[in-house]
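Each chain, written out:
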Amino acid sequence: MDWAWRFGMTVLSGVPAIIGGGITYGLTESWTGVIVWEVLVVVLLIAALIKGGKSSGHHAEAH
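These numbers were taken from a predicted model, which means no experiment stands behind them.

1. Quick word on the overall build of the protein chain
Next up, step 1: Assigned secondary structure in the protein chain consists of two helices and zero strands.
Next up, step 2: A separation threshold of at least 6 residues defines the contact pool for the protein chain, and within that pool the share at least 24 residues apart is 60%.
Next up, step 3: Approximately 4,900 Å² of the protein chain is accessible, and the part contributed by carbon and sulfur atoms is 74%.

Below, the structure is given as structure tokens:
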């Protein structure tokens, strides 16, 4: 997997983490809700990195 793609996905996940965390806190006024949201974002990021790594690794070897 290309390290630039991995870094870009990590940076891209920061936007929903920050904005979503603020919205979650505004709606629930609870840090527990924010922690649940952040864990969900991290789990989705890890899933995207694992899935993206499997598919993009084969393309890099073909070139």
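Don't stop here, the text continues.
2. Here we look at the packing of aromatic side chains
Next up, step 1: For the structure on display, the rule yields one aromatic pair.
Next up, step 2: For the ring pair Tyr-25 and Trp-31, a centre distance of 4.8 Å and an interplane angle of 35° mean the geometry is tilted.
Next up, step 3: Note on Trp-31: relative accessible area 59%, which makes it exposed.

3. Focus: helix H1 (residues 3-28)
Next up, step 1: For H1, which comprises 26 residues, the first-to-last C-alpha distance of 37 Å matches the rise-based estimate of 38 Å (1.5 Å per residue) to within 8%.
Next up, step 2: Residues of H1 that are buried: Ser-13, Ala-17, Gly-20, Gly-21 and Thr-24.

4. A closer look at the side chain of Thr-24
Next up, step 1: Relative to the assigned elements, Thr-24 resides in helix H1.
Next up, step 2: Here Thr-24 is in contact with Glu-29, Gly-33, Val-34 and Trp-37, once residues within four sequence places are set aside.

5. Some thoughts on unusual backbone geometry
Next up, step 1: The phi dihedral of Glu-29 falls on the positive side, at around 50°, and the residue is not glycine.
Next up, step 2: Along the chain, Glu-29 turns up in the loop between H1 and helix H2 (31-62).

The rules behind these values
Residues numbered from 1 in each chain as written. Predicted model: local features only at pLDDT ≥ 70, side-chain atom pairs only at ≥ 80, totals over all residues. Heavy atoms only, no water. Helix = DSSP H or I, 4+ residues; strand = E, 2+ residues; numbered from the N terminus. Contact = heavy atoms within 4.5 Å. Areas by Shrake-Rupley, 256 points an atom, 1.4 Å probe, with all protein chains shown as cover. Phe/Tyr/Trp six-rings, centres within 6.5 Å; stacked < 30°, edge-to-face > 60°. Buried < 20%, exposed > 50% of the residue type's maximum accessible area, 1.4 Å probe, protein only. Expected span 1.5 Å × (residues − 1).

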